[in-house]
Every structure is written in structure tokens, then in C-alpha cells.
Amino acid sequence: MSYQFPPQIIEALQQAKHIMALTGAGTSAESGVPTFRDAQTGLWAQYDPQELATPDAWARNPQLVWEWYTWRRNLVAEARPNAGHYALAKMAQHANQFTLVTQNIDNLHQEAGSSNVIELHGNLRRIKGANSGCVYPNWEAFTGSPPQEPVSGEYMRPDVVWFGEILPEVQLLSAIEASQACDVYLLIGTSSLVHPAASLVVNALRNQATVIEINPNPTPITEYATYAIPHPSGEILPALVTAVWG
Ligand code: BJW
């Protein structure tokens, strides 16, 4: 990709003591994973994701919600990390300090080699007891739609964070700390509509960090970002890593 990065972006990244990146669904779009607010296909076209990712939807119809997540798990199983995921893993090796925070539940950052990924909204691979919250690392160990916990008989649900639910405390606190400490904040492939993830950038802006948004479409943050790069992250991130670190 022949994007001409402003020299200030290169300099800010080269000199940064601490880079934080917050990623959203757009980061995995070039891996073939639909973004959260994209139109859905086939059977699922009639459902609004925002109305399926809620405790109310689960209470009303756990089978429907479980099947939606099964459909998404199958999509993600076919997906491979794209050049943007790999570039972020590479960035971590060059940066003095690097914190990768994701809203995604697809595990693609880890598959690209990123470690210590802070997952704010859970992970599609894990499931947990709907009442006990007891977490199991691998959904494949269970059958049923939704599966039931073998001893207690309670329903098992995906270990993800739905609207109205509290984010995992340790992960959220780590993300808040990084957003307060970083001098460069990369905002990648997120519509910045969902809080508290969308509010983290306020900490960075308050501290005069350089905020660089990478998203083909404008978001509520675009006008506040120091730089907005309106292109796909799978193209921009590898070019950026090369431009900054060679
Ligand atoms: C590309 C690209 C390419 C395309 N390259 N880019 C403050 C104000 C108002 C409301 C609230 C608030 N605080 C809390 C709330 C309530 C609520 C909320 O935010 N509501 C808003 C919708 C208004 N938040 C919550 O309920 C959170 N809980 C909470 O705060 O608890 C305390 C509390 C509760 C109640 C009231 C007050 C406090 C929990 C939020 C959990 C979100 N969960 C989900 C589902 C996870 C599981 C699953 O995936 O099924 O997380 S919702 C969904 O949105 C998912 C995503 O992680 C999240 C963000 O979406 P994301 O990643 O930004 O995706 P998209 O699709 O929106 O955008 C994709 C972007 O990519 C687009 O911009 C494209 O342009 C771009 N793109 N191709 C780069 N190639």
C-alpha cells in the first residue's frame, strides 16, 4: 500500500515510550469475519446483533442465542489472521512498551502471535455457567444447544460480555491504566459506539497522547483524533510498521 504517512506519525511512533492499540471488529474484516454492525447473511439476516447480544435475548430464547454464536464460531473457525493482526504482533516487538486491547472475541490477535492481549468483551472459544459463571476454556467439550453443565445441569453460555453486563474487572482496569499512560493511542477498526471501550480514548486525549484512528469510515472520534487514516487496517498497519521501523 502506497500511503504517504505524515512524518509526525512516524516520529510519534518512533519516540513513543508506550503505545496502546484498541481494536474492534473492523480489524478482522479482512479475515472474512463480519463486523458487528454489518448486515448479517442468510438465516440471520432477520436478526439485529444488538438484540441478540443481551441477557434479555438469552432469557427469552437461549437456544436462538446459542445457535447464533455457533454460526459465528463456525465463521471464525474458517478465518485466519490478516496482515493487520500480524503487523500488530510485530509492532509489539519494536515498541518500548506495547499494550494491545481488543473488543474482539475471535482470538485472531493471539493466532497472529500477539501475547498478553487484553480482551474486554470475552472470547468465543470459552463458555461459562449461565448462573454460576464457572468458566470452561473450550466450548467443543460440550454438546447440546445450549449445552448443560454435567453436574449442576445449568445452561452454559458463551463467555462474552453482553450489553448491560459488567466488563471483566482486571482487563478493564489494565486497559484504563494503559490509556492513561500511553503516548500514542491507535484506534483500529472500531465504530467507537460501545462503552466503556469507546471512552478509553478520552484518557489518552486528556494526556495529549497522539491518537491515530485507522478506519475507512468516520466515527464519533474521528474529529478528535490527532490523525485519521481512512483506509483498511489490513493494508495500513503493515505499511505503518515498515515506515516506522523498516
Ligand atoms: C474497518 C474495516 C477495515 C470495517 N479496517 N476498519 C455510556 C454511554 C452510553 C451507553 C453506555 C455507556 N456506558 C455503558 C453503556 C451501555 C452499553 C453501550 O455502550 N451502549 C451503546 C450501544 C450506547 N455498554 C454496555 O452495556 C457495556 N457494559 C457496561 O458498561 O456495564 C456497566 C453499565 C451497564 C449499563 C448501563 C451503564 C453501565 C457492555 C458492552 C458489551 C458489548 N458487547 C458486544 C458483544 C460481545 C460479544 C459478541 O461479539 O457477540 O461487543 S456488542 C458489540 O459492539 C461487540 C463489539 O466488541 C462492540 C464494539 O463493536 P466494534 O468492534 O466497534 O464493531 P462495529 O461493527 O461497531 O464497527 C466496526 C468498524 O470497523 C466500523 O467503524 C467500520 O467502518 C470499521 N471497518 N472494515 C478498519 N478493513
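None of these values were measured; they are calculated from a predicted model. (Residues numbered from 1 in each chain as written. Predicted model: local features only at pLDDT ≥ 70, side-chain atom pairs only at ≥ 80, totals over all residues. Heavy atoms only, no water.)

Caption draft 1: Seen up close, the domain arrangement of the protein chain. With domains assigned, the protein chain is organised as domain 1 (7-33 + 81-121 + 167-245) and domain 2 (42-78 + 130-160). Relative to domain 2, the C-alpha centre of domain 1 lies at a distance of 28 Å. Together domain 1 and domain 2 conceal approximately 380 Å² of surface at their shared face, both sides included; 74% is due to carbon and sulfur atoms. In terms of surface lost to domain 2, no three residues of domain 1 exceed Val33, Ile105 and His121, which account for 68% of the buried area on that side. Inspection of the region where domain 1 meets domain 2 yields 0 residue pairs in polar contact (both at pLDDT 80 or more). For the side of domain 1 that touches domain 2, a count of residues per class yields 2 nonpolar, 1 polar and 1 charged. (Domains from an automatic or database assignment. Buried area = accessible area lost by both parts, 1.4 Å probe. Polar contact = N/O pair within 3.5 Å; in protein donor to acceptor, adjacent residues only side chain to side chain. Nonpolar A, V, L, I, M, F, W, Y, C, P; charged D, E, K, R; others polar.)

Caption draft 2: Broad picture of the environment of proline 49. Topologically, proline 49 is positioned in helix H2 (residues 49-52). Once the C-alpha coordinates of proline 49 and arginine 37 are considered, the two residues, 12 residues apart in sequence, prove to be 7.1 Å apart. The residues touching proline 49, leaving out its near neighbours within four places in the chain, are Phe36, Gln40 and Trp68. (Helix = DSSP H or I, 4+ residues; strand = E, 2+ residues; numbered from the N terminus. Contact = heavy atoms within 4.5 Å.)

Caption draft 3: Structural view of the packing of aromatic side chains. Per the counting criterion, the structure on display carries 9 aromatic pairs. Centre to centre, the rings of tyrosine 69 and tryptophan 162 are 6.3 Å apart; their planes meet at 45 degrees, and the pair counts as tilted. On the criterion of sequence distance, the pair formed by tyrosine 69 in helix H4 (residues 62-78) and tryptophan 162 in the loop between strand E6 (156-160) and helix H7 (169-181) is long-range, its members being 93 residues apart. Taken as a pair, tyrosine 69 and tryptophan 162 share a single burial class, namely buried. Sitting over the face of the ring of tryptophan 162, arginine 157 holds its NZ or CZ atom 3.7 Å from the ring centroid. (Phe/Tyr/Trp six-rings, centres within 6.5 Å; stacked < 30°, edge-to-face > 60°. Buried < 20%, exposed > 50% of the residue type's maximum accessible area, 1.4 Å probe, protein only. Lys NZ or Arg CZ within 6 Å of the ring centre and 35° of its normal.)

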